[in-house]
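Examining the three-dimensional arrangement
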Amino acid sequence: MTDHHTPSGRSLLRRAAAFAVAAVALAAPAVAGTTLPAHAADAAPAVKVAIATDIDTFNPFLAILASSTGILRFQYENLVQYGVNNEPVPGLSDKWETSTDGKTWTYHIRDGMKWSDNQPLTADDVAWTFNAVKTNPALQKANGGLVENVQSVAAKDPSTLELTLTAPQASNPGFELPIVPKHVWEKQADPSKYANDTDTVGSGPFTIKSYQKGVSVQLVANPNFWRGPAKVSGLTYAYYKNTDAAVQALKNGEVDIVGSLTPAQFTSLKDQSGITTNQGAGRRYTALAINPGAIDAQGKPLGDGNAALQDPVLRQAIVKAVDKQTLLTRVLQGLGKPGLTEMPGVYPSYTGYAPGYTAPTFDIAGANQLLDRAGYAKGADGNRTDKSGKPLTLRLMGRNSDPTHAQMAEFVKGWLGQIGIPLTVSMVTPNQVNDDSTLGKYDLYFTGWGIGPDPDFQLSINQCSSRPNADGSGATSENNWCDPAFDALYKAQHTELDAAKRADLVKQAFTMIDKAAINSVVWYADTLEAWRSDKFTGFVKQPENTGVVMGQNGYWGLYGATPVSADTASSAGTSSSSGMPGWVIGLVIVAVIVVVGAIILLSMRRRATAADRE
Amino acid sequence: MSIAPGSDALARDEAGIDTPGDAAGPDESGPRGSTLPRYIAVKAGGALISLAMVVVLGFFSFRILPGSDPAINLTRGRQVSAAEVERLRHEFGLDQSLIAQFFRYVGDLLTGNLGTSFVYNQSVSSLIAEKLGPTLLLTGTAALISITLGLWLGQRAAWRRGSWFDKLQTGTALTFWSVPTFWLGLILLLVFAGMFHLFPAGGMTTAGSDETGFAYILDALHHLTLPVVTMVAVVYAQYLMVMRASVLEEMSADYLTTARAKGLAEDKVRTRHAVPNALLPTVTLIFLHVGGLIGGAVTVETVFSWPGLGFLTFTALSAPDLPLLQGTFVVFSTIVILMNFVADLLYRVLDPRLKAA
């Protein structure tokens, strides 16, 4: 029996030893991890940015996902850049002029500029880029639309570029298109196959140094950036596939800035020391769209929208019965601005209604009056019938991926009930919403668009000519709506070179959409962000003071980042944490030892009793 | 039971823990007693048929998703003309008839070409190859630990059934089994990353560090801990329960009485006699589950930002990036089918009773 005892005693010891090793292996990196931030503080700091969505490619001709295009904004300066207040400011071009017919744009390229590899940056690079997109269909995936109206491009001399357009246009054709270095790209046998993700050459404040797929992207400051090199050594993007993890990483000191927070995450970060939160004005609108009787490009009815909604009075009554302010405070917890037209407040020159227009205000009694007068009779049950005497019921569609849609739907259902219109609500997948809205298969649905600084595109998709084919292919229509008077306004603003006059026409056009009650803008949601203010300051918001740092039209936000000097950081940062306090490590080690010891003791005791039994 | 439906590849098998009765592994109606080559041929044939069905199903099911025109979805919200959308559709081959697309897809597949991703401008096989490593590291580690832990605890629990150890272990394991993976993952993240700063909140290595060698391995281990703990906690119960049931079945067997009569210590009776026999049904079960485990990694990868196949599939769904979706679907399914095939073979090899007669 003793004979049996010894080996099992040994195996017990072996097991205990293995367990202890495992425990130490688990704890060791934790201890090692606490030393990491100290190392990082020694080196010149780079801002660590959390990104949530995947990167498709860093080839600027092909990149379409928001993460990639957002990073490429740092890499390539445009001909003309959006300023801190979304106004046009010099980019590669320091001044430009437009011919009186709006068809010839001449850009002066700033003298003495260099690419990040010290090669000169001239009008040749710009001309090469424009022509590459124009002539090579394989390079049109991302920016083909930007050069569609460009007839020819010519570098008159190293500092003069002339763009000739097919039709006059008021919006500056120098925006948005990333200008690439000719000397790098012309060497590529097939530029559409060039990955452009290692030691890249750029003209913006940062250039891509390395890219580890699915893990991180490293950008370094470009010493030749014409506005002067950034004050940080670079940007390091790290993937966090959900914002909850990104928030923990911010608290943990793994990243320095996180965007796209939910209201709950935002609130949880508000009072953390060393962290600053920002509720920035967003550039996305959320609206209730009403089907005006969709018609396809061939003029045939499209989809299955309730025919009663073709009456503008019914649509206006619905808009009147929706209390935007309540939706903003109750559903969005006040984290946004009340909606006016489709142009959010971050674009002050285009936002707001045309002079003389009074927008409908929330008024249930008024809405009921409108409907009574228009002949929508109320039955004994309080529900209305349409003009042909059939019961009037409507459907409301929203995205199941957005919790605010379901919440808004409950409110809207209540209000429409008060004006005698029963509502069936369905929350479906985003792709289903896209499909059904394109094909006019809706009565009401919640929609939203992110809006760029120039209103032309958003207006263009409301023209009669933007209606889709019967199968949904062809052009994209925002609201399945058509009004020749609107088309005339669109065309007028499209070629109006006087900025003030154009802004006026734009407001008139957007006001028409509101008046037609086809797309009632509920709110512009704020964008919620947070960053480690114990490590970096100087982030520039767009628009100035009220806007966002991440996801700008431009590079201002992170280009402005300034490291908090080492002295202040150490005095400010002690309480706040990037590592873990020493006593926690001690506690963890003690706990591990106690647990291991207890397990060993218990098994030995059990073994002893078992042996006794035998 | 021997052929898991394709959908199992994409979700943890939530159906419940196998009861001892059907834990016995491969299809009982199989060609018991036939010759080994014939047995293999029949099983391999079955596996190939499943694979062919997966290919067909994968192709058509992703095309009937609502909003499934990738050319429109990829250009949504950008300044793009109708002509450009048409050009993209042509480039993707979506302007051809469904049948023509299908035969082109199958033809490519037979030559080992999974196509080119719509979004990433890269071949699907290279994309999958890049992400397969991290997924295998995560699921392999988790499988190894959960199998070892489950089997060890299972046989101990069975040996002392009804004891506090048995009750505690089965209770704990079943509690973790019932917990949703993403919830457990988020809680661990909140406590160990956000609160105590013990582990990183995501990723496979520290972003922006250029560590090599031992430091790199340590860094990866540090990142691996929380996702592995989450996966292990959620799945080890199935191994524990099956092992426990198997050992219980063996405990009343006559050969154990014989062993005890020889004067063997209880420990030896258990480790030398009961456990080897109880392992028989368990081993095949392990292979049946390992396939599913890889699919189950999708959730864990999303919670812990692990750069694996799961997130690739998730991203591909939004376009939808049809070639990539089909590719990951085929790869996930092939793993499951292959593992089932291995389980069938192993069972035959391990159980002498199947060879005789």
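None of the values given here were measured: they were computed from a predicted structure. (Residues numbered from 1 in each chain as written. Chains lettered and ligands numbered in written order. Predicted model: local features only at pLDDT ≥ 70, side-chain atom pairs only at ≥ 80, totals over all residues.)

Describing the overall build of chain B
Formally: What counts as a helix is a DSSP run of H or I of at least four residues, what counts as a strand is a run of E of at least two, and both are numbered from the N terminus. The exposure scheme places C-beta atoms from the backbone and then counts, for each residue, the other C-beta atoms within 10 Å of its own, assigning buried at 20 or more, exposed at 12 or fewer, and partly exposed in between.
Of regular secondary structure, chain B possesses 13 helices and zero strands. Mapped in sequence order, the helices and strands of chain B form the string α-α-α-α-α-α-α-α-α-α-α-α-α. When the 357 residues of chain B are sorted by exposure, 47% land in the buried category.

Digging into the overall build of chain A
Note the threshold: Contacts are defined on C-beta atoms placed from the backbone: any two residues whose C-beta positions lie within 7 Å are in contact.
A count of helical and extended segments in chain A gives 17 helices and 21 strands. Within chain A, buried positions represent 47% of all 614 residues. When contacts within chain A are restricted to residue pairs at least 6 apart in sequence, long-range pairs at least 24 apart make up 67% of them.

A look at the sheet that holds strand 17 (residues 444–450) of chain A
Residue and element names in this part refer to chain A. Here is the rule we go by: Between any two strands, at least two bridges found by DSSP are needed for them to pair. Each axis is a line fitted through C-alpha atoms, taken for helices only over the stretch in contact, and angles between the N-to-C directions span 0 to 180 degrees.
Taking strand neighbours across the sheet as the criterion, the six strands line up as 14-18-13-17-15-16 in an open arrangement whose pairing is mixed. With partners counted over all chains shown, the strands left at the sheet margins are strand 14 (336–338) and strand 16 (423–428), one partner each. Ignoring which end each strand starts from, the neighbouring axes of this sheet average 30° apart. Pairing of strand 13 (residues 284–290) with strand 18 (residues 519–525), which is carried by five bridges, proceeds in the antiparallel orientation. The residue bridging Leu288 from the neighbouring strand is Ser520, located in strand 18. Its contacts with the sheet place helix 8 (residues 324–331) against strand 14 and strand 18, and it is angled at close to 35° to strand 18. Sheet contacts for helix 10 (residues 403–418): strand 15 (394–399), strand 16 and strand 17; angle to strand 16, the most-contacted strand, approximately 175°.

Here's the deal with the interface of chain A and chain B
At the junction of the two partners, chain A supplies 57 residues and chain B supplies 52 residues. Elements that contribute at least two residues to the side of chain A that touches chain B include exactly helix 1 (2–42), strand 1 (46–51), strand 9 (216–221), strand 10 (234–239), helix 5 (243–252), helix 11 (430–438), strand 17 and helix 17 (582–613) of chain A. Looking at the side of chain A that touches chain B element by element, the count peaks at eight residues for helix 1 of chain A.

Remarks on the sheet that holds strand 4 (residues 93–98) of chain A
Residues and elements named next belong to chain A. If you trace the four strands from one edge of the open sheet to the other, you get 4-5-7-6, paired in antiparallel fashion. Each having just a single partner strand, strand 4 and strand 6 (150–157) make up the two edges of the open sheet. Adjacent strand axes in the sheet meet at a mean angle of 20°, parallel and antiparallel pairs treated alike. Pairing of strand 6 with strand 7 (residues 160–165), which is carried by six bridges, proceeds in the antiparallel orientation.

Quick word on helix 4 (residues 98–110) of chain B
Spelled out, the test is: In this analysis, the expected span of each helix is defined as 1.5 Å times one less than the number of residues it contains.
The terminal C-alpha atoms of helix 4 of chain B, which comprises 13 residues, lie 18 Å apart, in line with the 18 Å expected from a rise of 1.5 Å per residue. A positive backbone phi angle near 80° is found at Gly112(B), which sits one or two residues after helix 4 of chain B.

Side note on the environment of Leu497(A)
Residues and elements named next belong to chain A. Following the sequence through the fold, Leu497 ends up in the loop between helix 13 (484–495) and helix 14 (499–515). Remark: the alpha-carbon pair of Leu497 and Lys324, spanning 173 residues in sequence, is separated by 35 Å. Those residues within four positions of Leu497 in sequence are excluded, and the remaining contacts are Thr98, Gly102 and Ala170.

Regarding helix 3 (residues 82–92) of chain B
All names here are of chain B. What counts here: Throughout, the arc means the angular range of directions from the helix axis out to the C-beta atoms.
Restricting attention to buried positions, one finds in helix 3 the residues Val85, Leu88 and Phe92. Mapping the buried residues of helix 3 onto a view down its axis gives an arc of 60°, with all of them on the same face. Following helix 3 by one or two positions, Gly93 adopts a phi angle in the positive range, close to 80°.

Remarks on the packing of helix 5 (residues 124–159) of chain B against helix 8 (residues 213–251) of chain B
Two quantities define a packed helix pair, namely the angle between the helix axes and the distance between the axes. Residue and element names in this part refer to chain B. Test applied: Definitions for this section: a left-handed crossing has its near helix turned counterclockwise from the far helix by less than a right angle. A right-handed crossing has that turn clockwise. Under the grouping applied here, Gly and all other residues not named as nonpolar or charged are polar, the nonpolar ones being Ala, Val, Leu, Ile, Met, Phe, Trp, Tyr, Cys and Pro and the charged ones Asp, Glu, Lys and Arg.
For the pair helix 5 and helix 8, the least separation of the axes is 5 Å and the interaxial angle reads 35°. Relative to helix 8, the crossing made by helix 5 is right-handed. Taken together, the residues of the contact of helix 5 with helix 8 break down into 25 nonpolar, six polar and one charged.

A word on the packing of helix 5 of chain B against helix 11 (residues 309–318) of chain B
All names here are of chain B. The test is simple: Orientation labels follow simple angle bins: below 35 degrees gives roughly parallel, above 145 gives roughly antiparallel, 65 to 115 gives roughly perpendicular, and whatever is left gives oblique.
At a closest axis distance of 8 Å, the pairing of helix 5 and helix 11 adopts a crossing angle of 135°. By the angle between their axes, helix 5 is oblique relative to helix 11. Residues Leu127, Ile128, Lys131, Leu132 and Thr135 of helix 5 form the contact with helix 11, whose own contacting residues are Leu309, Gly310 and Leu312. Classifying every residue of the contact of helix 5 with helix 11 by side-chain character gives five nonpolar, two polar and one charged.

Quick look at the pairing of strand 10 of chain A
The side chains of a regular strand alternate, first on one face of the sheet and then on the other. Counting buried positions along strand 10 of chain A yields six of six residues, so the element is predominantly enclosed. Burial of the side chains of strand 10 of chain A extends over both faces: Gly234(A), Thr236(A) and Ala238(A) are buried on one face and Leu235(A), Tyr237(A) and Tyr239(A) on the other.

Let's talk about the environment of Glu97(A)
Residue and element names in this part refer to chain A. Examined against the element boundaries, Glu97 turns out to sit in strand 4. The exposed category is assigned to Glu97, around which 9 C-beta atoms lie within 10 Å. The sequence separation of Glu97 and Asn78 amounts to 19 residues, and the corresponding C-alpha distance is 16 Å.

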